[in-house]
Amino acid sequence: MLHSNLISVIVTTKDRPGNLKKCLDCIACQSMLPKELIIVNDGGFSISPIVGQYKKIVPFEIKLIELELPVGVSVARNLGIQAATGEYVSFCDDDDEFLPEKISTIHNYIVRELYPDLIFHRIRSVYIDEQITICSNQQMPKQLSNEILITNFIGGVSRVICKRTLIENVGLFDENLKSLEDWDLWIRSILNNAKVKFCNEILVNYTIATSKESLSRDINLFEYCYKYLTKKYVKELSKLSSSELRRRIENEQRTRFRIRALARSTAPQLIRYTTREFTDNPSINTLLLLFLSFFSLKNMLRLVSWIK
């Protein structure tokens, strides 16, 4: 069995044993196995029996960190990074799924591209309740340092593999953040001149269950963390052009709308919200959001998938 001596995989989990087992299955079935797997249990009930079963059957080291109390995803990931020994770390949330060629593809890509600092790739978003699948189609922008301040074009942690020393050198995940912590880390990495590469392959199934609560769909948490980041990078944002700042505002508006839609706001609630947005900030962007608010979530997703 092939092993990557470069890549450590870090999984964070809490009280989702079914998800965790599926996640561990996909890592155990990789065509090229990781150097090691670090699992951080963020204060949930003990998963030692589950992890013990996998330790017996996989030919790589599994390290388990079980926390007595929840500390949040940023602290949990930092503990995983500090326990890792691979040159690169690859993150996987417990409800995501590595496709079988993920580690092999990335390992070969790292060698071929002469060991970049950070690699991100495409994903397949799977909306379980709506039974809709959407493949991401992002591309590498030309101007990274400005673009990453405007929008998180890299995306969530499950689509990123990066040098462990890069994360350590820029200060790890910001433990004050319970949302947008990934975007913050990518901003710091790029502002510190990280060598970033884009692998145009779909390597992860990103699972979204809209019938369940999620921190990523907490609008108040988003508002707090967005303001925190805006204040944190106010000096860098002041250097953006007026058109770049307008695009940042438009991205913020779309993100708010997406959070409200995925949190299953009712149609009247979405319509009231988007009407107010359009009235306060009339633009093509807010008009489009108002138009979308008349659709059901499933039909919104269908429309997005057709456009892509």
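Values in this document were obtained by computation on a predicted structure and should not be read as measured data.

**Student:** Explain the side chain of S90 here, please?
**Tutor:** Within the element layout of this structure, S90 appears in strand β6 (residues 88–93). Those residues in contact with S90, other than ones at most four positions away along the chain, are I7, S8, V9, I10, F98, K102, V160 and I161.

**Student:** Whenever I open this one, helix α8 (residues 219–232) confuses me. Can you help?
**Tutor:** The periodicity of an α-helix, 3.6 residues per turn, causes residues three or four places apart in sequence to face the same way. For α8, spanning 14 residues, the distance from its first C-alpha to its last is 20 Å, which sits close to the expected 20 Å at 1.5 Å a residue. Of all the positions in α8, only I219, L221, F222, C225, Y226 and L229 are classed as buried. The arc that holds the buried residues of α8, viewed along the axis, is 150 degrees, so those residues lie on one side. Facing away from the buried surface of α8 by more than 90 degrees, the exposed residues are N220, K227 and K231. Tucked inside the fold, the buried residues of α8 contact α7 (181–191) and α10 (242–262). Measuring from the backbone nitrogen of N220 back to the side-chain oxygen at the start of α8 gives 3.1 Å, which picks out D218 as the cap.

**Student:** Help me understand the pairing of strand β9 (residues 132–135), please; the structure alone is not making it clear to me.
**Tutor:** Walk down a regular strand and you will see the side chains alternate between the two sheet faces. Residues I132 and I134 of β9 are buried on one face, while the alternating residues T133 and C135, pointing to the opposite face, are not. Inspection of the sheet shows strand β8 (residues 118–127) paired to β9 by 4 bridges, in the antiparallel sense. From the neighbouring strand, R124 faces β9, where its bridge partner is C135. Hairpin connection of β8 to β9: 4 residues between the antiparallel strands, including Q131 at a positive phi of 55 degrees.

**Student:** Would you mind going over the pairing of strand β4 (residues 36–41) with me for this structure?
**Tutor:** Of all the 6 residues making up β4, 6 are buried; the element is thus mostly covered by neighbouring parts of the structure. By the bridge criterion, 6 bridges tie strand β2 (residues 7–13) to β4 in an arrangement that is parallel. Looking at β4, one finds that S8 is bridged to E36. Where β4 lies against strand β5 (residues 61–66), 6 bridges are found, and the strand directions are parallel. Its bridge partner lying in β5, I39 is registered against L64. You can see the chain leave β4, run along helix α2 (residues 48–57) and come back into β5, and the turn it takes is right-handed.

Calculation rules
- Residues numbered from 1 in each chain as written.
- Predicted model: local features only at pLDDT ≥ 70, side-chain atom pairs only at ≥ 80, totals over all residues.
- Heavy atoms only, no water.
- Helix = DSSP H or I, 4+ residues; strand = E, 2+ residues; numbered from the N terminus.
- Contact = heavy atoms within 4.5 Å.
- Expected span 1.5 Å × (residues − 1).
- Buried < 20%, exposed > 50% of the residue type's maximum accessible area, 1.4 Å probe, protein only.
- Arc of directions from axis to C-beta.
- Polar contact = N/O pair within 3.5 Å; in protein donor to acceptor, adjacent residues only side chain to side chain.
- Pairing = 2+ DSSP bridges.
- Right-handed = clockwise from strand over helix to strand, strands pointing away.

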